[in-house]
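These are the residues of each chain, in order.
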Amino acid sequence: MSQVEESTGYDPGGFMDPAVSADPQPFYRQARATGAVVPGTFGPQIVRRAAVDFALHHPEDFSSGMGSVDLGQSVPLIPLQVDPPDHRNYRRLLDPIFAPRQMNVLKPEITRLVNERIDGFIDRGECDFAEELAVPLPSSVFLGLVGLPLSELELFLSMKDGILRPTGVDMDEVQANQKVAARQIEEYFAQAIKDRQKQKGNHDDMLTLFLNAEIEGQRLTVDEIVGICFLFILAGLDTVTDSLECFVAYLAQHPDQRQRIVDDPSIIPSAVEELLRWETPVTAVPRLAMKDMDLGGCPIKKGDNIGVSIGAANTDEEALPDAGIVDLTRNPNKHLAFGGGIHRCLGSHLARMELRITLKEWHQRIPGYSLAPGAELSYMPGLRQIEKLHLVFDAPGPGRG
Ligand code: HEM
């Protein structure tokens, strides 16, 4: 690993620092100036675009298998914790289910859910965007997709928080609580699968698809379906929540950029890509080094827990001209916010749809908004969730909104 250079000002603790998470781009610049691989709190961090691309495209050297993420789960997270060649079988099964054509069917329902949320606060002229829209929306979409009742939203949100944000007085208690949450999620899905097996009639939801699916002539086992659903909770909910929060916080503080979206909503698809790049709400992905190697002139040891910083890669000036400028019409925009290589995000089409629809409906109904006076934004590190996002705007007059 490269030595930390005094001159760059790089601080290895930055990746875990909430203050850095609020404004990560200057920190990423310092990290890249220090080396392709820099030290971090829990292990080496890969920060330059070329090295990040290499790591994402060489799963045999940088594995995302069982050793890379331990949240107390007893089943592998499918397909993330499956290495080649088995990984390909799962993606062949799952890719068509998450293809753009399938996801487009959800458009009217997602539009309805977004507007239902906005209806809940628009007359007040203020809201906590996080609690009232960004947190419940992806879980509501997910419940519908998998075929579970919307009445389970609260239970679902508590299970998600239990696994992603476990609490405790010390690390032992945190891990024990996380294990309890993992068990609860596994039991919840195992029961939902059993219930679905018993039900008669035609369902066209995802649980049913999984129950009928085959890989090389073999039906999926209950454990495999649980492993797939478990990963959806980890990968498909907070990621969308955090993206919505980061986007809207950015736009609330950059009125000129916001006005571009209001004036011309047709730029929303490219604006979503640029905000994904600039904000990179999922800042890094974990990998386990499978052998001793050298990356960008920096040694890596077999068994190292590696952070692959897609946030730093997305703003690397060496790889992308004007990477430090936010251009909402940037095209092409080859960002890595959805990862890269074989584990590239399975849910990117769904995520894009949720993000585009929310920006469209929101700006149509609430074109002018800002942070509430005195609001201080607190970003978590890793997954850049914003705890509270208090916004104020003009409430619509009678007959409008
Ligand atoms: C804006 C929202 C999202 C972002 C930024 C995001 C980001 C990512 C990233 C960076 C990866 C790569 C992980 C790695 O290489 O270790 C990934 C993988 C994955 N994502 Fe997403 N994701 C989002 C939404 C979703 C949604 C909505 C779903 C689906 C329900 C989903 C399901 C998955 C799955 C299953 C994988 C693992 C794929 C594999 O291992 O082959 N994601 N995502």
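Anything mentioned here points back to the structure above.
Residues numbered from 1 in each chain as written. Predicted model: local features only at pLDDT ≥ 70, side-chain atom pairs only at ≥ 80, totals over all residues. Heavy atoms only, no water.

**Quick word on helix α13 (residues 238-253)**
Taking 1.5 Å per residue, 16 residues should reach 22 Å; α13 reaches 22 Å between its end C-alpha atoms and fits that length. For α13, the buried fraction is high: 15 of the 16 residues fall into the buried class. (Helix = DSSP H or I, 4+ residues; strand = E, 2+ residues; numbered from the N terminus. Expected span 1.5 Å × (residues − 1). Buried < 20%, exposed > 50% of the residue type's maximum accessible area, 1.4 Å probe, protein only.)

**Let's talk about the sheet that holds strand β4 (residues 126-128)**
If you trace the three strands from one edge of the open sheet to the other, you get β4-β12-β11, paired in antiparallel fashion. The open sheet terminates on both sides in strands that have one partner only, identified here as β4 and β11 (369-371). In this sheet, adjacent strand axes meet at a mean angle of 25° when their direction is disregarded. In the sheet, β11 pairs with strand β12 (residues 390-393) via three bridges, with the strands oriented antiparallel. Residue pairing in the sheet places Y369 in a bridge with F393 of β12. (Pairing = 2+ DSSP bridges. Axes fitted to C-alpha atoms, helices over the stretch in contact; angles between N-to-C directions.)

**So, the packing of helix α9 (residues 153-164) against helix α12 (residues 222-236)**
Close contact between α9 and α12 brings their axes to 10 Å; oriented N to C, the two are set at 80°. Taken together, the axes of α9 and α12 lie roughly perpendicular to each other. Only F230, I233 and L234 of α12 make contact with α9, whose side of the interface consists of F156, K160, I163 and L164. Here the contact of α9 with α12 is composed, by residue class, of six nonpolar, no polar and one charged. (Parallel < 35°, antiparallel > 145°, perpendicular 65-115°, else oblique. Contact = heavy atoms within 4.5 Å. Nonpolar A, V, L, I, M, F, W, Y, C, P; charged D, E, K, R; others polar.)

**Quick notes on the pattern of salt bridges**
If you walk through the whole model with that rule in mind, you get 21 salt bridges. Here R124 and E126 are joined by a salt bridge, their closest N and O atoms 2.7 Å apart. A relative accessible area of 24% places E126 in the partly exposed class. One salt bridge in this structure joins R330 and E274, with 3.0 Å as the shortest N-O distance. Taken as a pair, R330 in the loop between α16 (310-314) and α17 (348-365) and E274 in helix α15 (residues 268-279) lie far apart in primary sequence, 56 residues in all. The same class applies to R330 and to E274, which are both buried. (Salt bridge = Lys/Arg side-chain N within 4 Å of Asp/Glu carboxyl O.)

**Focus on the packing of aromatic side chains**
A complete count under the given rule lists 15 aromatic pairs for this structure. On the basis of an interplanar angle of 90° and a centroid distance of 5.2 Å, the ring pair of F129 and W362 is categorised as edge-to-face. Note that F129 is positioned in helix α7 (residues 129-134) and W362 in helix α17, a separation of 233 residues in sequence. W362 matches F129 in its accessibility class, with the two residues each being buried. Arranged with centres 6.1 Å apart and planes meeting at 80°, the rings of W362 and F393 form a pair that is edge-to-face. Of this pair, W362 sits in helix α17 while F393 sits in strand β12, placing them 31 residues apart in sequence. For the pair W362 and F393, one class covers both residues: buried. The structure contains a cluster of three or more aromatic residues connected by ring pairs, namely F98, F142, F156, Y188, F189, F210 and F232. (Phe/Tyr/Trp six-rings, centres within 6.5 Å; stacked < 30°, edge-to-face > 60°.)

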